[in-house]
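# Fold and geometry: a report
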Amino acid sequence: MSELIPPSETMEPTPIRPPGEQVEEPRHEVVRLGSARGGWFRRVGWRHIVGLLALAFSIFPILFVVSAALNPLGTLSSSQLIPTGASFENFTKLFDTSFPRWFLNTMILGIASAAVSLFISSCAAYGFSRFRFKGRRFGLLSILLVQMFPQFLAIVALYLMFATITDLWPPIGFNTVWGLFLLYMGGALGVNTWLMKGFFDTIPKDLDESAKVDGASHAQIFFGIILPLVAPILAVTGLLAFIGVVNEFLIASIFLTEDSAKTAAVGLYGLVSEERNNNFGVFAAGTLILAIPVVALFQFLQRYIVGGLTGGAVKG
Amino acid sequence: MKRKLPIVRVAVLLAVVALVVSACGGGGTGGTGGGNAETSGAQLTIWVGGGPSGEATKKLGAAWGEENGVNVAVQIIPENLQTQFVTASQAGKAPDVVMGAHDWIGNLVQNGAIDPIQMTEDTRAAYEKLAIEAVTFNGQTYGVPFTMNNIVLFRNTDLAPQAPSSIEDLVATGKQLKAAGKTSEILALPVGPIGDAYHINPLYTSGGGYMFGQQPEGGYDPKDLGVGKPSSVQAYEKIGALGEKGEGALKRSITTDNILSLFTAKKTAYMISGPWQFADLKKTKLHYDVSPVPPFEGGKPARPFITVDAAYVASKGQNKLLAQEFVTNYWSTPEVNLALFKASPNVPALTAALEQIKASDPLVVKVAEAGRASGEIMPSIPAMAAVWDPLGKAEAAVIAGANPNSSVSAAGKAIQASLK
Amino acid sequence: MAKSEVREELTPTPPVKKPPRFGLEADGTSSPAGLIIKIAVLAMVLGIAVWAALPLLANDRWVGLAIVVLVTALLFYIYLSPRTVPAKYLIPGTLFLIAFQIVPVLYTMSTAFTNFGDAHRGSKQEAIAAIEGTSVQQVPGTPEYVLSLATKGDPTTGDIVFLLTDPAAKQSFVGTSQGLEELAADDIQLGPDGKVVEAPGYTVLNIGQASARAEDISQFSVPTDRGAIKNQGLSRAFEGTPLQAYDASCDCIKDAKSGQTWTADDSNGLFVDSEGQALAQGWKVNVGLRNFTDVLSDQTLRASFLKMLIWNFGFAIGTVVITFALGLLVAIVLNKEELKGRRIYRSLIILPYAMPVVAMYLVWRDMFNTDFGLLNRMLGTHINWFGSTASAMFAILLVQLWLGYNYMFLVCTGALQSISADLTEAAQVDGAKPFYAFRTITFPLLLVALAPLLIASFAFNFNNFNAIYLVSQGAPFPPDNPMAGNTDILITYTYRLAFGGAGAQYGLAAAISVFIFLIVAVISILSFRRTHALEEIN
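Bear in mind that the values here come from a model prediction, so they are computed numbers and not experimental data.

### Considering the overall build of chain B
Within chain B, the secondary structure is distributed over 17 helices and 14 strands. Principal axes of the C-alpha set define a box for chain B whose edges measure 95 × 65 × 50 Å. Out of the 420 residues in chain B, the part that is buried amounts to 60%. Long-range contacts, defined here as pairs at least 24 residues apart, represent 77% of the contacts in chain B between residues at least 6 apart.

### Some points on the overall build of chain A
Regarding its fold elements, chain A presents 13 helices and zero strands. Ordered by position in the sequence, the α and β elements of chain A form the string α-α-α-α-α-α-α-α-α-α-α-α-α. By the burial criterion, 48% of the 316 residues in chain A qualify as buried. Long-range contacts, defined as pairs at least 24 residues apart, comprise 69% of the intrachain contacts of chain A with a sequence gap of at least 6.

### Considering helix H12 (residues 320-330) of chain B
Within H12 of chain B, nine of the eleven residues are buried, which leaves the element mostly enclosed by the surrounding structure. Those residues of H12 of chain B that sit buried are Lys320, Leu321, Leu322, Ala323, Gln324, Glu325, Phe326, Val327 and Thr328 of chain B.

### With respect to the pairing of strand S12 (residues 288-291) of chain B
Residue and element names in this part refer to chain B. Burial along S12 is one-sided: the face carrying Tyr288 and Val290 is buried and the face carrying Asp289 and Ser291 is not. Where strand S8 (residues 152-156) and S12 come together, four bridges link them in antiparallel fashion. Of the residues in S12, the one forming a bridge with Arg155 is Asp289.

### Examining the interface of chain C and chain A
You'll often see interface size given as the accessible area lost when the parts meet. Facing 105 residues of chain C, the contacting portion of chain A comprises 92 residues. When residues of the side of chain C that touches chain A are assigned to their parent elements, the largest contribution, 17 residues, is made by helix H4 (residues 85-111) of chain C. Class assignment for the residues of the side of chain C that touches chain A results in 70 nonpolar, 24 polar and eleven charged.

### Here's the deal with the domain arrangement of chain B
All names here are of chain B. For chain B, the assigned domains read domain 1 (43-149 + 307-377) and domain 2 (152-303 + 381-419). Here the C-alpha centre of domain 2 lies 28 Å away from the C-alpha centre of domain 1. Facing 18 residues of domain 1, the contacting portion of domain 2 comprises 15 residues. Among the elements that line the side of domain 1 that touches domain 2, the one with the most residues is helix H15 (residues 362-374), at seven residues. Partitioning the side of domain 1 that touches domain 2 into residue classes produces seven nonpolar, eight polar and three charged.

### Looking at unusual backbone geometry
A positive phi angle is found at Asn80 of chain B, which is not glycine, with a value near 55 degrees. For Asn80 of chain B, the position within the fold is in the loop between strand S2 (70-76) and helix H3 (81-91). In this model, Ala119 of chain C sits at a positive phi of 75 degrees, which is unusual for a non-glycine residue. One can find Ala119 of chain C in the loop between H4 and helix H5 (124-134). Owing to 27 C-beta atoms within 10 Å, Ala119 of chain C belongs among the buried residues under this scheme.

### So, the confidence of the model for chain B
Where the model shows low pLDDT, its predicted coordinates should not be examined in detail. Counting all residues, the mean pLDDT for chain B is 88, and 91% of those residues have values of 70 or more. Scoring the predicted complex yields pTM 0.86 and, for the interface, ipTM 0.85.

### A short note on the sheet that holds strand S11 (residues 270-273) of chain B
Residue and element names in this part refer to chain B. In spatial order, the strands read S11-S8-S12; together these three strands make up an open sheet with antiparallel pairing. Edge positions in the sheet fall to S11 and S12, since each of these pairs with one other strand and no more. Pairs of neighbouring strands in the sheet enclose a mean axial angle of 25 degrees, with direction left out of account.

### Remarks on the sheet that holds strand S12 (residues 244-247) of chain C
Residues and elements named next belong to chain C. The sheet built from four strands is open, its strands ordered S12-S13-S14-S15 with antiparallel pairing. In this open sheet, the two edge strands, each paired with only one partner strand, are S12 and strand S15 (270-272). Neighbour-to-neighbour, the strand axes of this sheet turn through a mean angle of 30 degrees, independent of strand direction. Here S12 pairs with strand S13 (residues 252-255) via four bridges, running antiparallel.

### Describing the nonpolar core
In terms of nonpolar packing, the biggest core is built from 347 residues, with Val65 of chain A, Val97, Ile239 and Tyr312 of chain B together with Leu163 and Val411 of chain C touching the most fellow members. Of all the elements, helix H14 (residues 389-418) of chain C adds the most residues to this core, at 14 residues. Residues within four places of Tyr312 of chain B in sequence aside, it is in contact with Val97, Val98, Gly100, Leu108, Ile114, Tyr142 and Gly143 of chain B. In this structure, Leu168 of chain A together with Trp51, Ala52 and Leu56 of chain C belong to the second largest nonpolar core, which totals seven residues.

### A look at the pairing of S12 of chain C
Burial of the side chains of S12 of chain C is restricted to one face: Gln244 and Tyr246 of chain C are buried, whereas none of Ala245 and Asp247 of chain C on the reverse face is. The hairpin formed by S12 of chain C and S13 of chain C contains four residues between the paired strands, and Asp251 of chain C there has a positive phi angle of roughly 50 degrees.

### Comments concerning the environment of Thr176 of chain C
All names here are of chain C. By the element assignment, Thr176 lies in strand S4 (residues 171-176). Taking the C-alpha atoms as reference, Thr176 lies 6.6 Å from Phe162; in sequence the two are 14 residues apart. Each residue touching Thr176, except ones within four places of it in the same chain, is listed here: Val161 and Val222.

### Observations concerning the packing of helix H2 (residues 52-68) of chain B against helix H13 (residues 334-343) of chain B
All names here are of chain B. At a minimum axis distance of 8 Å, the contact between H2 and H13 shows a crossing angle of 145 degrees. Our pair here, H2 against H13, has a crossing hand that is right-handed. Contacts between H2 and H13 pair Pro52, Ser53, Glu55, Ala56 and Leu60 from the former with Val336, Ala339, Leu340 and Ala343 from the latter. Split into classes, the residues belonging to the contact of H2 with H13 amount to seven nonpolar, one polar and one charged.

### So, the environment of Asn138 of chain B
All names here are of chain B. Turning to its location among the elements, Asn138 is positioned in the loop between strand S5 (136-137) and strand S6 (140-141). Judged by C-beta crowding, with 17 C-beta atoms within 10 Å, Asn138 ranks as partly exposed. Along the sequence, Asn138 and Glu217 sit 79 residues apart, while their C-alpha atoms lie 9.2 Å from each other.

### Comments concerning the confidence of the model for chain A
Residues and elements named next belong to chain A. When pLDDT is averaged along chain A, the result is 77; 78% of the residues meet or exceed 70. Of the regions scoring below 50 in pLDDT, residues 1-15 engages in 34 contacts with residues more than four places distant in sequence or in other chains. Counted against residues more than four places away or in other chains, residues 308-316, with its pLDDT under 50, gives 17 contacts.

### Regarding the environment of Ile253 of chain C
Residues and elements named next belong to chain C. By the element assignment, Ile253 lies in strand S13. Put simply, Ile253 and Ile131 are 122 residues apart on the chain and 8.6 Å apart in space, counted from C-alpha to C-alpha. In this structure Ile253 touches Ile131, Gln244, Tyr246, Trp262, Phe271 and Leu279, once residues within four positions along its chain are discounted.

Cut-offs used in this document
- Residues numbered from 1 in each chain as written.
- Chains lettered and ligands numbered in written order.
- Predicted model: local features only at pLDDT ≥ 70, side-chain atom pairs only at ≥ 80, totals over all residues.
- Helix = DSSP H or I, 4+ residues; strand = E, 2+ residues; numbered from the N terminus.
- Buried ≥ 20, exposed ≤ 12 C-beta atoms within 10 Å, placed from the backbone.
- Contact = placed C-beta atoms within 7 Å.
- Pairing = 2+ DSSP bridges.
- Nonpolar A, V, L, I, M, F, W, Y, C, P; charged D, E, K, R; others polar.
- Domains from an automatic or database assignment.
- pLDDT = per-residue confidence, 0-100.
- Axes fitted to C-alpha atoms, helices over the stretch in contact; angles between N-to-C directions.
- Core = buried A, V, L, I, M, F, W, Y, C linked by C-beta atoms within 7 Å.
- Left-handed = near helix turned anticlockwise from the far one by under 90°.

Structure representation (structure tokens):
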């Protein structure tokens, strides 16, 4: 695909130039196929097509969720896209329940979990990436292996554990956001650590060395140099952690039984009676509303994800 | 940096502050953290499943709580209520009252999770006989029933004015309608890719099959499994004839997810489902009627499963006194039954309540009558849990056209193996 | 300090400041901000430790207390020592991991050696209590009493008594721990429902007072010659007798009415009679390796194990490969800065990831419906997606692609941004074609960055229960084998085995999980060795 593009235009503007300004480097005189100006389609247009296809692929099942949300009959069936008698009834019904409270709980839990788990993961990833110590590979491997144990079995053990915790320390027991928060921190050292370790590995060790020579401590290297360099992946990981917490249902449903303590995922499932598929419309409406902060957060983080790098990793 | 921080002093100061704060906090929580029962004010915790019924329970619980000065906490557990209740019970965190289906009783009893209930003769007599039978296990009554559901045949009266007298009659009419282009499906009976033994039971029993034999003193006998016996194979031969390779009345692509939309969109004149559909059907302007699921011509009576929802007293609850009071004296009143009915149209289990809704909801009463006439109580013995999955899969295979003998025998063998 | 200063002046060698062997500055932290943060954190740790320790002390939980002390000491050591630098970064996550993941896993593995499951959850004592409790029957011919809970004297401390009324015989009694005594009708006042409202010498309890004495009330009963009178709630009482009672001398349960005896079978945790019939309530016992041998000798498992294992690997690897491929492709295509609307594309493409996974699985399952599903209607076909193995596998992978490619897209976008554009630029200055530059420089770097993620994603999908269970439920099932379907992976099979029988069998499921775990561990270790090479490319 990149063969079609003249070499000069694959250069991203360097940070000095104001963004968006395309400057043609005169030194790269290579024979080009087709005119430089025309061929927008060749350069960019075909990308739009791919983008639209990807978009369509991603969105179309969601349209059914939207359809169910607008359908007062509220059943899950993909036979009709525009339901008969579409209305916003489901949304109003949603606010009759404790949905606002659940939403708030989810946001608090999501943001706190994402932030702290991001911090823990990145610290651990730094440790695994930069230091060589006995048990390093064993540690990495065990993080992975623990994940492979079926969760539905560990639930009984977790329940017993938290029953004791609730007796001894109620503020972090059942039906508290902070107890669930701690439980989620157990998973902080998981896929995300592996993800970030990979990125830490791409940052050359010479950077660390030169900083050390300048007298920086390991913490200063970590916070001052490494973290800013991997900002995009931090943003991505934070977003993924947030999404993961917002959508987590299995453990939360066991942990949070009181209405005012529930997260949105648990509360919404409670609206749908277990086997009868009634009220699916309200559930769909809630789901859509829950997706809004996720998309909003993504918009906010896009700046960091695509911020581009000073890239000056290899300065020589 | 050359200016030296008074490190040691700062450290000591912070440490002291931290200790003091934690000691105060710890003292506070230590006091209330040791015991978790409310010593001020009476407390009652109720667990119930989700949906409109759960919401109604909340209101009813609050009303009782206010009247009696008790703090009632109704908690809605969206998934796996039974499993969570048993786990919580074992961990010492059981609620006081739990609402659930009657077929949980066997499992709850074997885990020591619920207590038997002593009902007065008057209370007992106020209920439908079948409802009381459903909540009886090993000679003891375990729950106070409040709904009694069974499936029936829903019929679009515009398309099929007469109730069919037999399955063959239904299929014939359905085929006529399909040929005339008025409908696209003969019948909406939920099957799904892995089958549904609950909805096929009327046909299964009419064809001669049975689940478990009866013990002499009442109750089901787990040693007498009907699946795998020749009678069950015969029944499935008849069912197979209606399947995808036969009449095309039974299809695996029809599931609980789409029967309602098929029926309301008039793609089929017949639907086999339960009273829970009434709420949504009211929203449409469909003309429909209900009648008992018809049997095979010349076959045994078609017996739908009767499922009863009941309130149970948890063995390991903290407030058994109030739990017993709530369940036996409050939950058994007609007012409560009717309030629950208004929230979710399940057939009430109290005879008096059923009488009261005769005028406003005749269809619900029809469902009850169908149940009374030929319903069989869904077995609540623990062994029943092993039956659903293999039998459902055998059903799906037979409807797809597989040999009934091998499918049903295999199911029987698998069930026997897991019961060992 | 002075000595080293003197030394500095005397010797021409550059001064080497010896770091303190232990303390706040031990690992080279020297900035004031850093030191303050360290102090604050350690102080907080201490505070939390004290707060956690107090309830433990109050409840005599010495093991828990020891753990708290040890952990606090460990934390202090790690953060104040110069030699534990890696640990400083790893210990927070590790502590949480151990507490909330490793400990439950170990506990669950230990249940593999027991028969833990339905009817075998508690101890023998609990089973006996349950058996006796559920066998209480109302003595035939006895009245159904209307009850008033009362105390002799002070409501909070007095002895509990039952003030009973027999509505049929219109008689009232007072029941104490000594037995029943009649109450004269003139002494007492009855309420409208027959309840005793007032009686001399006794205080009738209201609900609040009664529930405050709930424990005493639950243990109280009025002995009679045929059994005992116990309350049922606040306003009813029955005379009942437990039909079944435990006899320690024979370690058995005896039924008073029928004379049947059930003897304790401690190897199975059940009370069994002479014909092998067991009572419903059982208890948890240690069964040693029995679960493991059961797994190994299970016919279904043997026949289908290889098949399930192969599909399990195929599914996990397939998911990773296709999601990565599509995600990378779209990321590269949309990475051009000239492309307007990149932000919109990105936001909308990741939208599926924001939806609850469970709901999306259900939507997709509905779309695969043979007769009414969207896919068949769009394609005009009548494929029974879950009727044949190949189409079922395709359907599952398609759903996985939809669910997962945007995660990969997001990560690849971040990766492409992180990887220095200078490298690609430099390559092109030398005249290399863009695609060649991509293939030899960018892609290997990407792989280094993403290889761990791919491995972790493989691990996650290996046990992706929802992906199979909610979409195909393991279908299609061979007609002779309802237990192991053709799209079952090991974990869905385990789940069905654990919960599909006559009750949950956690011990058996744990044993199977241990086997799965061992297999996966071996394979992961082997593949991990290979990626070790990748790490050092940098």
